[in-house]
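Here are the chains, one letter per residue:
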Amino acid sequence: MESFSDIQSFNRLFNEYHERFIRFAIGYVKERQTAEDFVSEAFAAFWENSQWLPPDTKPAAYIMTIVKNKCLNHLQHQQIEQRVASELKDHSEWLLQTKISTLEACDPVFLFSDEIQQIIHHTLNQLPKKTRQIFQMSRVEGLPYNVIAVKMNLSQKSVEYHISKALDVLRESLKDFLCICPILLTWF
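All values reported here derive from a predicted model rather than from experimental measurement.

Draft legend 1. Structural context of the overall build of the protein. In terms of helices and strands, the protein carries ten helices and zero strands. Per-residue burial for the protein yields a buried fraction of 28% across its 188 residues. Sequence-distant contacts in the protein: of pairs separated by 6 or more residues, those separated by 24 or more amount to 60%. If you sum the accessible surface of the protein, you get close to 12,900 Å²; carbon and sulfur atoms cover 56% of it.

Take a look at the structure:
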């Protein structure tokens, strides 16, 4: 149990420095509530640890160090958040620019050229019958995987496998054209 004199000393310390420490913290974190929280936590830490501190510890300096470190951690956390936000923004801008470039490069006449259509037709005809059927039900008829699964008496995972297999084969067949027209990947 703390003695009356320790409580009185703590109260004097609190009354003398509390508002100063808050102003110090506001100078860095710019939010009064955050600054007040940091200062309250620092005073509480001092009170809880005071019996274990060396006798030559300067209470105000000890509390100020805690406030300083809390402000520093807060600012470093903000810095990380800003860096992440900036990187996400950069990625988003890159993605948007890629979409614009891809769309600008898209030539509908090329997509429907006899050469592309022949490659697609030939590739689909080379697929196993079940894979071809499932792929056509999905991409030509527009049926969802769960409906195809019921019609073909398969699991939905099997339908996904067959469509994935067909797409892989088509990508391989069209690989020479994908650099010219990347939109071909979305065509299927």
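After presenting the structure, the write-up continues.
Draft legend 2. Spatial organisation of the packing of aromatic side chains. Evaluation of the coordinates by the stated rule reveals eight aromatic pairs. Through a chain of ring-to-ring contacts, three or more aromatic side chains come together here, namely Phe10, Phe14, Tyr17, Phe21, Phe43, Phe46, Trp47 and Tyr62.

Draft legend 3. Spotlight on the pattern of salt bridges. The full count for this structure, using the stated rule, is seven salt bridges. As a salt-bridge pair, Arg20 and Glu16 come within 4.0 Å of each other at their nearest N and O atoms. On the criterion of helical spacing, the pair formed by Arg20 and Glu16 is a turn pair, its members being four residues apart in helix 1 (residues 4-29). Glu19 serves as the salt-bridge partner of Arg32, at 3.1 Å between the closest nitrogen and oxygen. Note that Arg32 is positioned in helix 2 (residues 32-49) and Glu19 in helix 1, a separation of 13 residues in sequence. Look at Arg32 and you get partly exposed, because its relative accessible area is 38%. Here Glu19 falls in the partly exposed class, since its relative accessible area comes to 33%.

Draft legend 4. Geometry of the layout of surface pockets. Quantified by volume, the largest pocket comes out at close to 190 Å³. Around the largest pocket, the lining is made up of ten residues, and of these Asp6, Ser9, Phe46, Trp47 and Ser50 lie nearest the centre. Every element with two or more residues in the lining of the largest pocket is listed here: helix 1 and helix 2. Broken down by element, the lining of the largest pocket gets its largest block of residues, four residues, from helix 1. Here the residues of the lining of the largest pocket sort into five nonpolar, three polar and two charged.

Draft legend 5. Seen up close, the packing of helix 7 (residues 145-152) against helix 8 (residues 156-173). For the pair helix 7 and helix 8, the least separation of the axes is 8 Å and the interaxial angle reads 105 degrees. It follows that helix 7 is roughly perpendicular to helix 8 by the angle criterion. Residues Tyr145, Asn146, Ile148 and Ala149 of helix 7 form the contact with helix 8, whose participating residues are Gln156, Val159, Glu160 and Ile163.

Draft legend 6. Representation of a nonpolar patch on the surface in the model. On the surface, Ile80, Val84 and Leu88 cluster together into a nonpolar patch covering about 270 Å² of accessible area. Summarising the element assignment, Ile80 is placed in helix 3 (residues 59-105). Judged by relative accessible area, which is 45%, Ile80 ranks as partly exposed.

Calculation notes
The residue numbers shown here count from 1 along each chain, following its written sequence. pLDDT decides what is reported in this predicted model: residues at 70 or higher carry local features, side-chain atom pairs at 80 or more are listed and counted, and totals for whole chains, interfaces and linings draw on all residues regardless. The side-chain numbers reported here are obtained from all heavy atoms of the structure, hydrogens and water having been left aside. Working definition: helices are DSSP H or I runs of at least four residues, strands are E runs of at least two. Numbering for both runs from the N terminus. Burial classification: accessible surface area is computed with a 1.4 Å probe over protein chains only, and a residue below 20% of its type maximum counts as buried, one above 50% as exposed, and the rest as partly exposed. Throughout, a residue-residue contact means that at least one pair of heavy atoms, one from each residue, lies within 4.5 Å. Computed with the Shrake-Rupley method and a 1.4 Å probe, the accessible areas treat only the protein chains shown as cover for residues. Pairing of aromatic side chains requires ring centres within 6.5 Å, counting the rings of Phe and Tyr and the six-membered ring of Trp. Pairs whose planes differ by under 30 degrees are stacked, by over 60 edge-to-face, and all others tilted. Salt bridges are defined as contacts in which a side-chain nitrogen from Lys or Arg sits within 4 Å of a carboxyl oxygen from Asp or Glu. Only protein atoms enter the calculation, which uses a 1 Å grid: trapped sets of points that fit a 1.4 Å probe without letting it out are cavities, open sets showing protein on both sides within 12 Å along at least five of seven lines are pockets, and any residue with an atom within 4 Å of a point is a lining residue. Grid points are joined across faces, edges and corners, and a volume is the space filled by probe spheres set on the points. Here the term charged refers only to Asp, Glu, Lys and Arg, the term nonpolar to Ala, Val, Leu, Ile, Met, Phe, Trp, Tyr, Cys and Pro, and the term polar to all other amino acids, Gly among them. Orientation is described by axes fitted as lines to C-alpha atoms, over the contacting stretch for helices, and by angles from 0 to 180 degrees between their N-to-C directions. Angles are sorted into four bins: roughly parallel if under 35 degrees, roughly antiparallel if over 145, roughly perpendicular if 65 to 115, and oblique for all others. Patches here: salt-bridge-free residues with over 30% relative accessible area, like charges joined within 9 Å, nonpolar side chains (Val, Leu, Ile, Met, Phe, Trp, Tyr) joined within 5 Å.

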